[in-house]
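One-letter residues, chain by chain:
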Amino acid sequence: MRYYVTLDPDPKAKPIAVDLLELPSGELQARVDDRAVELDVTYLGAQLSARVDGQVVDLTIEGSPPEVGAVASGHRSYVRVESERMRAAEQAKKTSGGAGDRVIKSPMPGRVVKVLVAKGDVVPVGHGLVVLEAMKMENEVRAKVAGTVAEVHVIPGATVEGNAKLVTLA
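Structure report, in brief.

Below, the discussion takes up the overall build of the protein. Each helix and strand in the protein was counted, giving one helix and 17 strands. Principal-axis analysis of the C-alpha atoms places the extent of the protein at approximately 55 × 40 × 25 Å. The buried share of the protein, reckoned over its 170 residues, is 28%. Relative to all contacts within the protein whose residues are 6 or more apart in sequence, the contacts with residues 24 or more apart total 41%. When the accessible surface of the protein is totalled, it reaches about 10,500 Å², and 55% of it is carbon and sulfur. The distance from the centre of the 21 positive side-chain charges to the centre of the 23 negative ones in the protein is 6 Å.

Quick look at the structure:
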């Protein structure tokens, strides 16, 4: 299965093509941008221990695709992981005028620390909207598209589930 991984939150960043094939033995074959990568993955409860080209990385995943939080060896990052099917659905939504990116949702369960916008604010792509605290770390949720804040669905101190509405842009 081919996945497209974008490491930079900039929507214009070029995604990395990652091909994963599970063999009948359970082993994984991996290619990153058409380069073979040695990969061995072991599940340790909610965590993964992966050996990538001989280097061991302990990995915890938060949220669900396409927006995923990853903690690797103590460093937190947010990445976008899309399968070919997800990309095709997103493209279809864009061409049909869908509003999926206008409803900003929580990438994980947590507590709202700050709301950085108010109704009527004009925000560019990448502008901070809400600060969430999850796993004792603060995470800023940013706008994926430019727009005007139509509605703020949360207040500071509120607890939210993963995929809960935070802000709607018009």
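There's plenty left to go through after this.
Let us now look at the sheet that holds strand S16 (residues 159–160). If you walk across this open sheet you meet the four strands as S14-S13-S11-S16, and the pairing is antiparallel. Each edge of the open sheet carries a strand with a single partner, namely strand S14 (137–142) and S16. As defined by bridge partners, strand S11 (residues 110–115) adjoins strand S13 (residues 128–134) across four bridges and the pair is classed as antiparallel. By the bridge assignment for S13, valine 115 is matched with valine 130.

A word on the environment of threonine 168. Secondary-structure assignment places threonine 168 in strand S17 (residues 165–169). For threonine 168, a relative accessible area of 18% puts it in the buried group. For the pair threonine 168 and lysine 105, spaced 63 residues apart in sequence, the C-alpha separation works out to 8.8 Å. Contacts of threonine 168, omitting those with residues within four sequence positions, involve Arg102, Val103, Thr148, Val149, Ala150, Glu151 and His153.

Bringing the nonpolar core into the picture now. Ranked by size, the top nonpolar core spans 16 residues in total, and within it Val123, Leu129, Val130, Leu132, Leu166, Val167 and Leu169 carry the most contacts. When contributions to this core are tallied by element, the ones reaching two or more residues are S13 and S17. Dropping the residues within four chain positions of it, leucine 132 is found in contact with Ser106, Pro107, Met108, Arg111, Val112, Val113, Met137, Glu138, Asn139, Val141, Val160 and Leu166.

Scoring rules and cut-offs
Residues numbered from 1 in each chain as written. Predicted model: local features only at pLDDT ≥ 70, side-chain atom pairs only at ≥ 80, totals over all residues. Heavy atoms only, no water. Helix = DSSP H or I, 4+ residues; strand = E, 2+ residues; numbered from the N terminus. Buried < 20%, exposed > 50% of the residue type's maximum accessible area, 1.4 Å probe, protein only. Contact = heavy atoms within 4.5 Å. Areas by Shrake-Rupley, 256 points an atom, 1.4 Å probe, with all protein chains shown as cover. Lys, Arg positive; Asp, Glu negative; His and termini not counted. Charge placed at Lys NZ, Arg CZ, Asp CG, Glu CD. Pairing = 2+ DSSP bridges. Core = buried A, V, L, I, M, F, W, Y, C linked by side-chain atoms within 4.5 Å.

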